[in-house]
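Okay, here's what each chain looks like letter by letter:
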Amino acid sequence: MRRSEGPGRRAPASRASRVSVRRLTKSYAVRRRWIDALRRPFSAQRTIVIEALELDVFDSEMFGILGLNGAGKTTLLKMLATLILPDAGTAIIGGHDINTDAHAVRANLAMVTADERSLNWRLSANENMLLFAGLHRMKAKEARPLIADTLATVGLQSAGDKIVGTFSSGMRQRLLLARALLSSPRILLMDEPTRSLDPIAAHDFRRLLRDLADRHGVSIILATHNPDEAFTYCDRVAVLHRGTIAALGRASELAARFGRERYRIWTNNGEHPCFNALVRRGLVQDLTPVEDVDGGFVVECNIGGGEAQGAEVLRRLVESHVAVNRFERVALPLSSLIARIVEAHSTTAATESARA
Amino acid sequence: MRESWALIRSAWLTAASYRMAMFISLFGLVFVLLPLYFIANALQPAMQQTISGEARQYFGFVVLGAICFSLVSTCTTSLPSAIDGAIGRGTLEAILGTPARLRAICVGFMGYGVIWAILRAAILFGVAVWLGAVVVWRGVPLGLGVMLLVMLTYAGFGLVLAAIVMLFRTSGPLATVLLTGSMFLGGVYYPTSVIPSWIRDLAAFFPLTYGLRALRQIMLRGDSFAYVARDVEILAAMTAVSLSVGTLVFWVALQRARRVGTLSTY
């Protein structure tokens, strides 16, 4: 692993593109019933999974791909890893084309899935690592110190001789990451790596990824269906919906725009006139009483404009002598987030179409 | 071939972790050899004339047939079963995602099974010689060459079967048909000359027929290369065709699995 001091969260514009995806397209044949296949053997229907996708990922960048199940995240990562062939388009990874130079692409990247099955559970962590060191053509003598170093990076320094079958899910996930890091890849493809981790292990794992990008200059593409994971740890996020990018931008901007304006307020008086005043002034939208708790009220609303406007709403409530017991931002479910983004995407497309 | 050795080593360590299975695999040789020894000696007077074109002693004849067949079985089935296991365990994608060459991966997948089969064959051969099997030692180097050709031919069939496993997750009864046909028509326990004429023509399609006949004539009768040249030429041609077709079919199957995205679907 390269130990150069990384650039931290620099602006993408100042960095070189490590991954360039250009009009990448993939479709699969729809599985048909026997009778249909016999009636029309040559008329297979296809479903488009990735459609003319374009994106760039830069040096030392942690790039999130957010999407519901079936959005095309895994297919995209597998195409970048040369495990699936695209129907059209291409991607340039570290200067190499996935269609014509797959071997060089594989030398530049590593993929980590949440699939613990890809480890040999009857071997020790060290033996699992040695196998992949060999597949990367490293000599065992050279690989052993590197393996110890890499296991230490992911916090498994004392588990090298233990059989993987005795590991917890979190340890196996760390081992998968260590296995990927063994070849010092410049690009890491992570497919829902925290899916099977408990919240603390997931938090530690995400910080480790962030550290790899910031300090070691690794470009990370993180596919996830956890908006918090994408918006908190990634530099930029693409929201994938039905194989196309519905939104792409800096994580903070997307979060402010789509994901973080829903608030929940615990108060003693949910019908205080101040709430309606805030709605009239446009500071608060979609005011909804949620439930009545122990004689108090819980109110949900949208507050646009980021944290500053949230603070402004709170200030006005307090100044109006509304008893605010709790005031918190609500994590938006992914489905709602995607629905909002798709709605905004459709509106923009319709407007552009009308102009044209 | 560092990639191949890494896979072979990993397969060895995995197999060694199943200690009882490994013990049975070696100890079971006793149950293969002892019945052969007693039955072959009992049948020696009856078989002496029948096998005279290939050997003088039925015990040596049948041991060499059994050894060759066990190696051929391993060469045919080790790659398809390794691919099948790797798909089931989810390791195939991870391995194909590394920069290791496809050829090295295939050799690595087959390697442990073949090395283990060779070790078992060597033990079987050594014990058979100790029990009295008559071997012409000067023919052994040439015999090993013929054995290698037979193994490579069946490795080519293994590539085709592995391709079918990769596409359909099963090779159906193909391996059984090929190996059973080779056993009964290839002359493992009796020379092909005793097979009824109406089915003997089929024996010509099995590489084992040529390989085993040449092998016995060289190692058990001490015949020169010139005597078996025709069989070796046919076997070499079969090897070339089998490996070429196997490699092509395997590559096409892998590309198709990549295109339809089923490398990790079990």
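The coordinates are above.
Computed from a prediction, not measured in an experiment: that's the story for all the values here. (Residues numbered from 1 in each chain as written. Chains lettered and ligands numbered in written order. Predicted model: local features only at pLDDT ≥ 70, side-chain atom pairs only at ≥ 80, totals over all residues. Heavy atoms only, no water.)

Draft legend 1. Local environment of the packing of helix α6 (residues 140-168) of chain B against helix α7 (residues 174-185) of chain B. Residue and element names in this part refer to chain B. At a closest axis distance of 10 Å, the pairing of α6 and α7 adopts a crossing angle of 160 degrees. With respect to each other, α6 and α7 are oriented roughly antiparallel. Between α6 and α7 lies a crossing of right-handed hand. Each of Y154, F157, L161 and I164 in α6 lies in contact with α7, whose residues at this interface are L174, A175, L178 and S182. Looking at the contact of α6 with α7 residue by residue, the class counts come to seven nonpolar, one polar and no charged. (Axes fitted to C-alpha atoms, helices over the stretch in contact; angles between N-to-C directions. Helix = DSSP H or I, 4+ residues; strand = E, 2+ residues; numbered from the N terminus. Parallel < 35°, antiparallel > 145°, perpendicular 65-115°, else oblique. Left-handed = near helix turned anticlockwise from the far one by under 90°. Contact = heavy atoms within 4.5 Å. Nonpolar A, V, L, I, M, F, W, Y, C, P; charged D, E, K, R; others polar.)

Draft legend 2. Expanded view of the environment of B:L102. All names here are of chain B. Take L102: it is sitting in helix α5 (residues 102-131). Considering only alpha carbons, one finds L102 and A175, 73 residues apart in sequence, at a separation of 23 Å. With near-sequence residues (within four places) excluded, L102 lies in contact with L96, F250, W251 and L254.

Draft legend 3. Structural detail: the nonpolar core. Counting 115 residues, the largest nonpolar core has A:L80 and B:F109 as the members making the most contacts within it. The next biggest cluster of nonpolar side chains, apart from the first, holds 55 residues, and it includes A:L175, A:M190, A:A202 and A:Y233. (Core = buried A, V, L, I, M, F, W, Y, C linked by side-chain atoms within 4.5 Å. Buried < 20%, exposed > 50% of the residue type's maximum accessible area, 1.4 Å probe, protein only.)

Draft legend 4. Spatial organisation of a nonpolar patch on the surface. Residues and elements named next belong to chain B. There is a patch of nonpolar side chains on the surface, built from M20, F23, I24, F27, V30, F31, L34 and F38 and spanning about 860 Å² of accessible area. Note that F27 resides in helix α2 (residues 19-47). Given the relative accessible area of 44%, F27 is considered partly exposed. (Patch = residues over 30% accessible without salt bridge, like charges linked within 9 Å, V, L, I, M, F, W, Y side chains within 5 Å. Areas by Shrake-Rupley, 256 points an atom, 1.4 Å probe, with all protein chains shown as cover. Salt bridge = Lys/Arg side-chain N within 4 Å of Asp/Glu carboxyl O.)

Draft legend 5. View of the environment of B:V150. All names here are of chain B. Inspection of the secondary structure assignment puts V150 in helix α6. V150 gets classed as buried once you look at its relative accessible area, which sits at 1%. Taking C-alpha positions, V150 is 25 Å from L254, a pair spaced 104 residues apart along the chain. Apart from residues no more than four positions distant in its own chain, V150 is found in contact with C68, V72, L208, G211 and L235.

Draft legend 6. Layout of the packing of aromatic side chains. All names here are of chain B. Counted according to the given criterion, the structure contains ten aromatic pairs over all chains. Aromatic side chains Y37 and F59 sit 5.3 Å apart centroid to centroid with 80 degrees between the ring planes, which places their arrangement in the edge-to-face category. Highlighted residues: Y37 in helix α2 and F59 in helix α3 (residues 58-89), separated in sequence by 22 residues. The exposure class of Y37 is partly exposed, given its relative accessible area of 21%. Given the relative accessible area of 1%, F59 is considered buried. Ring centres of F125 and W137 lie 6.0 Å apart, and the angle between their planes is 80 degrees; this geometry places the pair in the edge-to-face category. Taken together, the positions of F125 in helix α5 and W137 in the loop between α5 and α6 put the pair twelve residues apart, joining distant regions of the chain. According to the relative accessible area criterion, W137 is exposed, its value standing at 52%. (Phe/Tyr/Trp six-rings, centres within 6.5 Å; stacked < 30°, edge-to-face > 60°.)

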